[in-house]
Structures are given as structure tokens and as C-alpha cells.
Amino acid sequence: MNILVTGGAGFIGSHTVIELYAAGHTAVVADNLSNSCQESLRRAAQIIGTDTIPFYNVDIRDKAGLQEIFEQHTIDACIHFAGLKAVGESVSKPWEYYDNNIHGTLTLIDALRQHGCKRMIFSSSATVYGEPAEIPITENCPKGTCTNPYGWTKSMLEQILTDLYHSDSAWNIVLLRYFNPIGAHPSGMIGENPNGTPNNLMPYITQVAIGQRPELGIFGNDYPTPDGTGVRDYTHVVDLAKGHVSALSAIERGCGLAIYNLGTGKGYSVLDVVSAFEKASGVKIPYRIKPRRAGDIATCYSDPSKAEKELGWKALNGIEEMCRDSWNWQKKNPAGYICTEQK
Ligand code: NAD
Ligand code: UDP
């Protein structure tokens, strides 16, 4: 299939483009480069062994820009990654988040249906469970109260896509709820490229390890977890990327509306991740315990068995591989990508 990948220059998108080609699909990427560089796609093309990956510097809110893509390509399905994702920023810029993520997705859906393409995989998040009512979290766990506008955009977009499916069963839609993607392509050529101070744990750790930051701040050690620090379900980005290929097969089989957790089912605390990283890298990570971060929950990990049963997908990499590959990427690219294009 030929897949429109919105946000395909980003962290998860660029890894997914590689797995799409590896599975015999092709991709057309639409990305406004607001949080990425085209260099990720140049490198992805090298890994794939193709001259170039079709790329459009397009904002998904731009109807005419999307129209041009559909005029030039036959699109069989869309994997929709494009969105703003910084939790803290979403609290200070809610309008920008609702406009980008919700208005953007509505514009994209309209373009898709006008061109008869009613197949979409949507990047959702474990954040839609709020303070989860059960651990491990199954897809039947009720959605919860989100603690920030970013989370609400994911929750609302899930609802919009569900309503769309109920209004027109010609749609096949898969909502994928990700659990803490980390790691990088094992080549070390592509990886996570945060803008400014990282919000997330793993890029912060790798920047401490490379000497860009003096120490890690650990947000709270008084949670009701085995060592008091927050527990999460870290998932290797290459496994996550492969999950999208499995979800595409479900769409081809006519799955209707389906929801899957993509996680490993294992929970690691912040201190577990620090010691796994130290072991994988041989570098000591100095840290200081800080107050809890607003909106954080104690424990969040998935029950990924539905994806295994129905999609045949299972995360294969463990925390060792995740730490090894995150470190390999950081070491080979101490300053991340060097962006040549203008923002
Ligand atoms: P990312 O920022 O690396 O990738 C998102 C891409 O979308 C970027 O390349 C950005 O330039 C592009 N983009 C943003 N707004 C756009 C717009 N209006 N038009 C066109 N392009 C636009 O983020 P990621 O980590 O790869 O995340 C991909 C998706 O997965 C996002 O929707 C994110 O919310 C979701 N998600 C990520 C995580 C995570 O921890 N990384 C967890 C759960 C869900
Ligand atoms: N965390 C931390 N220090 C940091 C970043 C994160 O202690 O600099 C903790 C955070 O409180 C949470 C875990 O690491 O318990 C994962 O946080 P992250 O932001 O990576 O993902 P989240 O689960 O919040 O989406």
C-alpha cells in the first residue's frame, strides 16, 4: 500500500517509514517540520536503500497543500502522527494545541474522505486513561480525566474518529495508544531529537550521559511504587513502528474501528531506567530527587495482549536494547540532527 504518513519526519514517524518499506509498502510524508528536520527522512532513505522518500512540507491544516498530495499520489491509507506533543507547553498554549491537533486532524479527515480514502491509523496515547482505573491497563479500562490540553486533544480526537466510524462504516480506523516510546534505530542514524530541554526521561538521561546537562532531576520518590519513583511501560520505538505495520494489515482485513495498547506490559521505575542505562552505557548518571511534577501519576503500564492476539504484534526489545540504542544514537549525534531547512 502507499501510505500518507503525516508527521513522518518526527521521532516515531521516521522509524515507521522504515518499517513500512521493509514490509513492502511505500510512503508519502507530509510534515510542516515544526518539530523535526528533513534530515531524518534523508537518513531513513539511506537505511531503506531508496533514493528519496516523497516529502511535502505541508501543514495538515492547509487544505490546498493536502489537495496537492492527493492529486499527485494514490493514497491507500493514512498513518497520522502529526501533532504537537509537549505536555507543559500545551498548558500555556491550549489554543495552539487544539488548533494544531484538532483543527489539523479535522482538515486531514476531510481531505481523506473527499479522495475516497477511509483508512486511518491514529497516534493516541496512554494519557487518555488519566489516572488508570486498573493496572495493567487493558483497552477496556475507562478513559479518564486528562491533566493537560495535550491529553485532551488525544482523548477528543479518539472520540471524533469513533463518531466518524459510527456515521460511516466504510471507514477502517485503528487507534493506537502508545506507552513511553524510547530507543532509536539500531544503526544510530535516526532517533529522538528534542527541541531545547527534554521533557521526557530518556532524552534527558542521554544528554546527562553525553555531558550536556550536569544531572538528572527525578520528579518525586514518594510515590506508592517499589522504590518511590514513577513506573512506566517503556517501549522500543522500532517495536512501536512495527506495530503500525501490523495495524495496517488489520485495516486491510477490514477491522472497522479498533483500539490497541502498544506497550511491553512491563513497568520500570525511574531508578530502574537509570541503572539499566548505566549498565548499557558504562556511564554514571548523577541525579537529584526533586518535587513531583504536576500531573504525573505513580504507575502506568499496559496489558498488550489484545495487540498480540489480534494483530500478532509483540514488543521484542527489552529495556537493555532500549538503553543501548538511545545511547548509540546520542553518542553518534551529540547535537541531534543538524537542520538545514528554515523553520
Ligand atoms: P514528533 O514531534 O517527533 O513528531 C510529530 C511530527 O509532526 C513532527 O515532525 C512535527 O513537525 C509534525 N507536525 C506537528 N504539527 C504538524 C502540522 N500541523 N502539520 C504537519 N506536521 C506537523 O513526535 P513523536 O514522538 O514522533 O510523536 C508522534 C505522534 O505520537 C504524536 O501525535 C504524538 O502526540 C504521539 N505520541 C507520542 C508519544 C511520545 O512519547 N513520543 C507518546 C504517545 C503519543
Ligand atoms: N521523569 C523524571 N525526570 C525527568 C523526566 C521524567 O523523573 O527529567 C519521570 C517522570 O516523572 C515519569 C517518568 O520519568 O515518572 C517518565 O516521564 P516521561 O516524561 O518520559 O513520560 P510520561 O510518562 O510522563 O509521558
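Now for a look at the structure at hand. (Residues numbered from 1 in each chain as written. Chains lettered and ligands numbered in written order. Predicted model: local features only at pLDDT ≥ 70, side-chain atom pairs only at ≥ 80, totals over all residues. Heavy atoms only, no water.)

## Focus on the site of ligand 2
In step 1: Around ligand 2, the surrounding shell holds 14 residues, and the nearest of these are L201, G217, R232, R293 and D296.
In step 2: The separation between an oxygen atom of ligand 2 and a polar side-chain atom of R232 is 2.7 Å.
In step 3: In the environment of ligand 2, an oxygen atom lies 2.6 Å from a nitrogen or oxygen atom belonging to the side chain of D296.
In step 4: Starting from 510 Å² of accessible surface for ligand 2 in isolation, the protein chains cover 86%.
In step 5: With 4 residues, the top contributor of residues to the shell around ligand 2 is strand 8 (residues 216-219).
In step 6: Of the residues assigned to the shell around ligand 2, the class counts are 6 nonpolar, 5 polar and 3 charged. (Near = heavy atom within 4 Å. Polar contact = N/O pair within 3.5 Å; in protein donor to acceptor, adjacent residues only side chain to side chain. Areas by Shrake-Rupley, 256 points an atom, 1.4 Å probe, with all protein chains shown as cover. Helix = DSSP H or I, 4+ residues; strand = E, 2+ residues; numbered from the N terminus. Nonpolar A, V, L, I, M, F, W, Y, C, P; charged D, E, K, R; others polar.)

## Points about the nonpolar core
In step 1: Ranked by internal contacts, the top residues of the largest apolar core, which has 45 residues, are I3, V5, L20, I53, I121 and L176.
In step 2: The element that contributes the greatest number of residues to this core is helix 8 (residues 237-252), accounting for 8 residues.
In step 3: Listed in part, the 25 residues of the second largest apolar core include I69, C78, L112 and L175. (Core = buried A, V, L, I, M, F, W, Y, C linked by side-chain atoms within 4.5 Å. Buried < 20%, exposed > 50% of the residue type's maximum accessible area, 1.4 Å probe, protein only.)

## Quick notes on the packing of aromatic side chains
In step 1: Enumeration over the complete set of coordinates arrives at 3 aromatic pairs.
In step 2: Seen from their ring centres, Y129 and F179 are 6.5 Å apart, and the 35° between their planes marks the pair as tilted. Taken together, the residues Y129 in the loop between strand 5 (119-125) and helix 6 (149-167) and F179 in the loop between strand 6 (172-178) and strand 7 (181-182) connect sequence positions 50 residues apart.
In step 3: Here F179 falls in the buried class, since its relative accessible area comes to 0%.
In step 4: Just above the ring of Y204 sits the side chain of R213; from NZ or CZ to the centre is 5.7 Å.
In step 5: A cation over a ring is seen here: K306 above Y260, with NZ or CZ 4.8 Å from the ring centre. (Phe/Tyr/Trp six-rings, centres within 6.5 Å; stacked < 30°, edge-to-face > 60°. Lys NZ or Arg CZ within 6 Å of the ring centre and 35° of its normal.)

## Focus: the site of ligand 1
In step 1: Taken together, 26 residues form the shell around ligand 1, and within it D31, N35, S36, F81 and Y150 come nearest.
In step 2: Within the backbone of F81, a nitrogen or oxygen atom sits 2.8 Å from an oxygen atom of ligand 1.
In step 3: Secondary structure elements with two or more residues in the shell around ligand 1: helix 1 (11-22), strand 5 and helix 6.
In step 4: Counting residues per element, the shell around ligand 1 draws most heavily on strand 5, at 3 residues.
In step 5: Considered class by class, the residues forming the shell around ligand 1 number 11 nonpolar, 11 polar and 4 charged.

## As for the environment of P181
In step 1: Mapping P181 onto the fold places it in strand 7.
In step 2: Remark: the alpha-carbon pair of P181 and F11, spanning 170 residues in sequence, is separated by 9.3 Å.
In step 3: Other than its neighbours up to four places away in sequence, P181 contacts F11, I12, T235 and L240. (Contact = heavy atoms within 4.5 Å.)

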